[in-house]
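The primary structure of each chain is shown beneath.
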Amino acid sequence: IRLARAEPFAHVTAVDASDVMVALAEKAVAEAGLTGQIHCVLGRIPGLPFYGTRFDAIVSKDLLHHLPDPMVFWEEAQRLAQAGTAIYVMDLFRPATPEAAREIVESVSANEPEILKRDFFNSLLAAFTPDEVRAQLRRTRLDLEVEVVSERHMRIQGLFQGR
């Protein structure tokens, strides 16, 4: 919704694998008066339901660490990109030790319910390191920059150069 408001001529396709989340997104989009600009889609990676479609931008937030095989994300990004497509991914990165992960959890979510803290801790441990992401990108020949931007997040970005 923020992206659509910031870029009123952009058409946004929002994807989630949860029908509940898609329904919530559709409701929020309708309440924001943006149904003509934002299309919500139920889908999973790999195999998003876009055939012959290319996008000008691919944006992902905190998805990569949920995938058992991150290559499916990078391959899907390549499939849906065209020369010049902007790719922007923000995700957690795995701290050096479980103790460091616990410190991050406590510094960010000390007052949250225990189940959320446990999920956050497990997400940190499941995340990839910046070097692991760089190796993934080399395997797909995606020329994207990987940069640590906080104590827990990395940004992966760049332009798709084409096939």
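Colleague: Explain the overall build of the chain residue by residue, including any values.
Modeller: Along the chain, the regular secondary structure elements total 6 helices and 6 strands. Reading the chain from its N end, one meets helices and strands in the order α-β-α-β-β-α-β-α-α-α-β-β. For 163 residues, the compact-globule formula gives about 15 Å, and the C-alpha radius of gyration of the chain, at 17 Å, lands near that figure. For the chain, the C-alpha atoms occupy an extent of roughly 45 × 40 × 25 Å along the three principal directions. Each of the 163 residues in the chain was classed as buried or not, and the buried ones make up 36%. Counting only contacts in the chain whose residues sit at least 6 apart along the sequence, the fraction spanning at least 24 positions is 72%. Element-wise, carbon and sulfur atoms account for 54% of the exposed surface of the chain, whose accessible area totals about 9,900 Å². Side chains of the chain give 18 positive and 23 negative charges; the mean places of these two sets differ by 3 Å.

Colleague: Just give me the short version of the packing of helix α3 (residues 71-80) against helix α6 (residues 130-140), but keep the residues and values in it.
Modeller: Between α3 and α6, the shortest axis-to-axis distance is 10 Å and the interhelical angle comes to 45 degrees. Judged by the inter-axis angle, α3 sits oblique to α6. The handedness of the crossing between α3 and α6 is right-handed. Mapping the contact onto sequence places M71, W74 and Q78 in α3 and V133, Q136, L137, R139 and T140 in α6. When grouped by side-chain class, the residues that make up the contact of α3 with α6 number 4 nonpolar, 3 polar and 1 charged.

Colleague: Residue-level account of a nonpolar patch on the surface, with values.
Modeller: Among the surface-exposed residues, V20, M21 and L24 lie close enough to one another that they form a single nonpolar patch of about 290 Å² accessible area. Tracing the backbone through its elements, the reader meets M21 in helix α2 (residues 19-31). For M21, a relative accessible area of 43% puts it in the partly exposed group.

Colleague: Explain the packing of helix α4 (residues 98-109) against helix α5 (residues 114-126) residue by residue, including any values.
Modeller: Any two packed helices are characterised by the angle at which their axes cross and by the distance between the axes. Put simply, α4 and α5 touch, their axes get as near as 9 Å, and they point 135 degrees apart. The orientation of α4 relative to α5 falls into the category oblique. Pair α4 / α5 crosses with right-handed handedness. Here α4 contributes P98, A101, R102, I104, V105, E106, V108 and S109 to the contact with α5, which in turn contributes K117, F120, F121, L124 and L125. A per-class count over the contact of α4 with α5 returns 9 nonpolar, 1 polar and 3 charged.

Colleague: Could you give an account of the pairing of strand β5 (residues 145-148), naming the residues involved and the relevant values?
Modeller: Direction of pairing for β5 relative to strand β6 (residues 153-159): antiparallel, over a ladder of 4 bridges. By the bridge assignment, V146 is partnered in β6 with I156. Taking the residues between adjacent antiparallel strands as the criterion, β5 and β6 are bridged by 4 residues.

Colleague: Report on unusual backbone geometry, specifying residues and quantitative values.
Modeller: Following I45, the chain continues into P46 via a peptide bond in cis, with omega recorded as 0 degrees. Tracing the chain through its elements places P46 in the loop between β2 (38-42) and β3 (55-61). You will see that R141, though not glycine, has its phi angle at about 65 degrees, which is positive. The topology assignment puts R141 in the loop between α6 and β5.

Colleague: An account of the side chain of S60 is requested, with residue identities and associated values reported.
Modeller: As for its position among the elements, S60 is in strand β3. S60 sits in the buried class, given a relative accessible area of 8%. Sequence-distant contacts of S60, that is, excluding residues within four places in its chain, are made with F73, Y88, V89 and M90.

The rules behind the values
Residues numbered from 1 in each chain as written. Predicted model: local features only at pLDDT ≥ 70, side-chain atom pairs only at ≥ 80, totals over all residues. Heavy atoms only, no water. Helix = DSSP H or I, 4+ residues; strand = E, 2+ residues; numbered from the N terminus. Rg over C-alpha atoms; globule rule 2.2 N^0.38 Å. Buried < 20%, exposed > 50% of the residue type's maximum accessible area, 1.4 Å probe, protein only. Contact = heavy atoms within 4.5 Å. Areas by Shrake-Rupley, 256 points an atom, 1.4 Å probe, with all protein chains shown as cover. Lys, Arg positive; Asp, Glu negative; His and termini not counted. Charge placed at Lys NZ, Arg CZ, Asp CG, Glu CD. Axes fitted to C-alpha atoms, helices over the stretch in contact; angles between N-to-C directions. Parallel < 35°, antiparallel > 145°, perpendicular 65-115°, else oblique. Left-handed = near helix turned anticlockwise from the far one by under 90°. Nonpolar A, V, L, I, M, F, W, Y, C, P; charged D, E, K, R; others polar. Patch = residues over 30% accessible without salt bridge, like charges linked within 9 Å, V, L, I, M, F, W, Y side chains within 5 Å. Salt bridge = Lys/Arg side-chain N within 4 Å of Asp/Glu carboxyl O. Pairing = 2+ DSSP bridges.

No statement about biological role is implied by the geometric values presented.
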